[in-house]
Amino acid sequence: MTVESNENKTQYVQEDTRRAVDAFENLDTDAKLGLLYLIYEKMGKSITPAAPTATDPNLAPLLLGNYYDLSEQEQLTIMRQIVNREATEYSRAYGSLRENNQLMVWFAWAQAMGNTVVGMPPNYQASETIQNLLAQVESLSFENQISMLRAIASQMGYTEVQPIPTQAETGKTASL
């Protein structure tokens, strides 16, 4: 098990999960979006969804309300901005959410793709890299699939909130 740190969150993840997260991070923006689409397309089959009771859609009105009224090109631009951690209104709204609610946003968008959310291009063909990573995700246990999805979701969006340094980083122990 290793400790994962990024500018937003810290969590413990197993090595196979860490490798999947690292592989995801090495994809380009549109490949990340394509993989997320394929992952959510398999939800309930070979990929297990996060518990919907652990989320609150009311916390994301911009992302789960106003977003649906935008053009497909605007929606795609916003998705790319969130993946790229750009300092935009929608990316900040996403970055302010906890991991479960971030997953809920992607899940809601995936369920609406092709209807009220921009869908995949009809000629989309997943690259071998994406297909291999999808197979890697499918081979993870339920807990590791959720850990992987939380880890990648938490690495998206923009926030100015800085993590609290860990004891390992400061060399100081907490006092009571």
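Placed above this text is the structure.
These figures come from a predicted structure and were not determined experimentally.

Calculation notes
- Residues numbered from 1 in each chain as written.
- Predicted model: local features only at pLDDT ≥ 70, side-chain atom pairs only at ≥ 80, totals over all residues.
- Heavy atoms only, no water.
- Helix = DSSP H or I, 4+ residues; strand = E, 2+ residues; numbered from the N terminus.
- Buried < 20%, exposed > 50% of the residue type's maximum accessible area, 1.4 Å probe, protein only.
- Contact = heavy atoms within 4.5 Å.
- Areas by Shrake-Rupley, 256 points an atom, 1.4 Å probe, with all protein chains shown as cover.
- Salt bridge = Lys/Arg side-chain N within 4 Å of Asp/Glu carboxyl O.
- 1 Å grid on protein atoms, 1.4 Å probe; cavity = no way out; pocket = protein on both sides within 12 Å on 5 of 7 lines; lining within 4 Å.
- Points joined across faces, edges and corners; volume = space filled by probe spheres on them.
- Nonpolar A, V, L, I, M, F, W, Y, C, P; charged D, E, K, R; others polar.
- Axes fitted to C-alpha atoms, helices over the stretch in contact; angles between N-to-C directions.
- Parallel < 35°, antiparallel > 145°, perpendicular 65-115°, else oblique.
- Left-handed = near helix turned anticlockwise from the far one by under 90°.

Engineer: An account of the overall build of the protein chain is requested, with residue identities and associated values reported.
Structural biologist: Of the regular secondary structure elements, the protein chain holds 9 helices and 2 strands. Start at the N end of the protein chain and walk to the C end: the helices and strands fall as β-β-α-α-α-α-α-α-α-α-α. Expressed as a percentage of its 176 residues, the buried residues of the protein chain come to 44%. Partitioning the contacts of the protein chain with sequence separation of at least 6, the portion at a separation of at least 24 is 76%. In the form shown here, the protein chain has an accessible surface area of approximately 9700 Å², with 50% of it arising from carbon and sulfur atoms.

Engineer: Tell me about the pattern of salt bridges, residues and numbers included.
Structural biologist: Across all of its chains, the model carries 7 salt bridges by this definition. Where glutamate 160 meets arginine 92, a salt bridge forms, and the shortest distance between an N and an O atom there is 3.3 Å. Linking glutamate 160 in the loop between helix 8 (142-154) and helix 9 (167-170) with arginine 92 in helix 5 (residues 89-95), this pair joins segments that are 68 residues apart in sequence. On the accessibility criterion, glutamate 160 (56% relative accessible area) is exposed. Judged by its relative accessible area of 37%, arginine 92 falls in the partly exposed class.

Engineer: Break down the layout of surface pockets for me, citing the residues and quoting the values.
Structural biologist: In this structure, the largest pocket occupies an estimated 200 Å³ of space. For the lining of the largest pocket, the secondary structure elements donating two or more residues are helix 2 (29-41) and helix 4 (72-83). Among the residues making up the lining of the largest pocket, the classes are represented as 8 nonpolar, 2 polar and 2 charged.

Engineer: So what's going on with the packing of helix 2 against helix 7 (residues 128-139)? Residues and values would help.
Structural biologist: Running from N to C, helix 2 and helix 7 point in directions that differ by 40 degrees, and their axes come no closer than 10 Å. In terms of their interaxial angle, helix 2 and helix 7 are classed as oblique. The handedness of the crossing between helix 2 and helix 7 comes out as right-handed. On helix 7, the residues touching Ala31, Leu35, Leu38 and Ile39 of helix 2 are Ile130, Leu133, Leu134 and Val137. Residue composition of the contact of helix 2 with helix 7, grouped by class: 8 nonpolar, no polar and no charged.

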